[in-house]
Amino acid sequence: MRIPRDARAIVTGAGSGFGRAVSLELAKRGARVIVSDVNIASAEETVEQIERASGKAHAMRADVREADEVKALVDWSVAEWGGLDVIVNNAGVAVAGRVGEVPLEDWKLEIDINLMGVVHGCHFAVPVMRRAGRGWVLNVASAAGLMSAPTMGPYNATKAAVIALSETMRTELENDHVDVSVLCPTFFRTNIHTSQRSSEELKKVSEKLVTKAKWSAEEIARVAVNGLERRTLYILPQTDIKVLWRLKRVMGQSFYALVGRAAARVTKAQR
């Protein structure tokens, strides 16, 4: 079912990167978008871009770690626009490093933003959608949640949890006309590496992988919204993650010996 042209949407982490791209994509299709970001100036820049393209949007500051601030987004949509049709739980950060070496405060930050931010969005948005008898939920995870690459423990764990949450919701909401999709891209051109918490060596590796990626945030956003409308549970935009996910299921635990060797070669090549 296509998202209606007058849909009311919330996008978290929408001040840049994929969040900005998916906000613009939804607006292009006629949706009204609440552009949310912890950096209100960045959110307002996204709104300006939407309005220049004749779309309608409203900027709001929200730290997704705070349940009340996420609730305020949903409350505003209901009060000002009469309801809520779409939520894109996108806000996230990257923490990298070996288990046992990553500081516990970085683990907590990752869980609070990447997982609890999604939980907060779903917790407040889903009841509104169920009462209305329609809705679309897009939870932004990552190929990392499927592949569990080394030195990415905190990121992998939170993204895997987002996938599990999305699977659970898909079952729970099957008869409520509320569709749930989870986005699992590999590398694409965005700016998440600029705020990554990790060693300088891992930051350099991430920067090269992201900045040299073939896919843009705009291309990922287009695939994501198309997948949401098609009721696709696992949205895997790129060929590499489709192949790797299938290979993992075929090889079982031996897949991780292969991943370990490949990761070592990539790290060495990027130095």
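Caption draft 1: Representation of the overall build of the protein chain within the structure. Looking only at helices and strands, the protein chain features 10 helices and seven strands. Taking all 271 residues of the protein chain together, 52% fall into the buried category. When contacts within the protein chain are restricted to residue pairs at least 6 apart in sequence, long-range pairs at least 24 apart make up 69% of them. Entry remark: accessible area of the protein chain is about 13000 Å², with carbon and sulfur atoms responsible for 53%.

Caption draft 2: Structural view of the pairing of strand S3 (residues 56-61). Sheet topology places strand S2 (residues 32-37) next to S3; six bridges connect them, and they run parallel. Looking at the pairing, Val33 lines up with Ala57 of S3. Taking the sense of rotation as the criterion, the β-α-β connection linking S2, helix H2 (residues 40-52) and S3 turns out right-handed.

Caption draft 3: Broad picture of the environment of Ala7. Among the secondary structure elements, Ala7 is positioned in the segment before strand S1 (8-11). The class of Ala7 is buried, set by a relative accessible area of 0%. Along the backbone, Ala7 and Leu26 are 19 residues apart, and their C-alpha atoms lie at a distance of 8.8 Å. Filtering out sequence-adjacent residues up to four positions away, Ala7 remains in contact with Gly30, Ala31, Arg32 and Asp85.

Caption draft 4: Geometry of the pattern of salt bridges. Tallied over the entire structure, the rule returns 15 salt bridges. Residue Arg29 pairs with Glu25 through a salt bridge whose shortest N-O separation is 2.9 Å. In this structure, Arg29 and Glu25 share a single accessibility class: buried. We note a salt bridge from Glu174 to Arg231, for which the minimum N-O separation is 3.5 Å.

Caption draft 5: Expanded view of the nonpolar core. With 40 residues, the main nonpolar core has Val137 and Leu146 as its most contacted residues. Where this core is concerned, the elements lending two or more residues are helix H3 (67-81), helix H4 (104-132), helix H5 (144-147), helix H6 (153-172), strand S6 (178-183), helix H9 (239-251) and helix H10 (255-270). Considering every element that reaches this core, the biggest residue donor is H4, with nine residues. If we ignore the near neighbours within four places in the chain, the residues touching Leu146 are Ile163, Cys184, Leu236, Ile241, Trp245, Lys248 and Tyr256. Counting 31 residues, the second largest nonpolar core, distinct from the first, contains Val33, Val86, Leu138 and Val140.

Caption draft 6: Seen up close, the environment of Ala91. One can find Ala91 in the loop between strand S4 (86-89) and H4. In sequence terms Ala91 and Leu115 are 24 residues apart; their C-alpha atoms lie 9.6 Å from each other.

Caption draft 7: Representation of the packing of aromatic side chains within the structure. Tallied over the entire structure, the rule returns three aromatic pairs. Measuring from centroid to centroid gives 5.1 Å for Trp76 and Trp81, while their planes differ by 80°, and the two rings are edge-to-face.

Caption draft 8: Up close: H9. The terminal C-alpha atoms of H9, which comprises 13 residues, lie 18 Å apart, in line with the 18 Å expected from a rise of 1.5 Å per residue. Positive backbone phi, approximately 70°, marks Gly252, located one or two places after H9.

Caption draft 9: View of the sheet that holds S6. Taken in spatial order, the seven strands of this open sheet run S3-S2-S1-S4-S5-S6-S7, and their pairing is parallel. In the strand order of this sheet, the two ends are held by S3 and strand S7 (234-235), each with one partner. Pairing between S6 and S7: two bridges, direction parallel. Among the inter-strand pairings, Val182 is bridged to a residue of S7, identified as Tyr234.

About the cut-offs
- Residues numbered from 1 in each chain as written.
- Predicted model: local features only at pLDDT ≥ 70, side-chain atom pairs only at ≥ 80, totals over all residues.
- Heavy atoms only, no water.
- Helix = DSSP H or I, 4+ residues; strand = E, 2+ residues; numbered from the N terminus.
- Buried < 20%, exposed > 50% of the residue type's maximum accessible area, 1.4 Å probe, protein only.
- Contact = heavy atoms within 4.5 Å.
- Areas by Shrake-Rupley, 256 points an atom, 1.4 Å probe, with all protein chains shown as cover.
- Pairing = 2+ DSSP bridges.
- Right-handed = clockwise from strand over helix to strand, strands pointing away.
- Salt bridge = Lys/Arg side-chain N within 4 Å of Asp/Glu carboxyl O.
- Core = buried A, V, L, I, M, F, W, Y, C linked by side-chain atoms within 4.5 Å.
- Phe/Tyr/Trp six-rings, centres within 6.5 Å; stacked < 30°, edge-to-face > 60°.
- Expected span 1.5 Å × (residues − 1).

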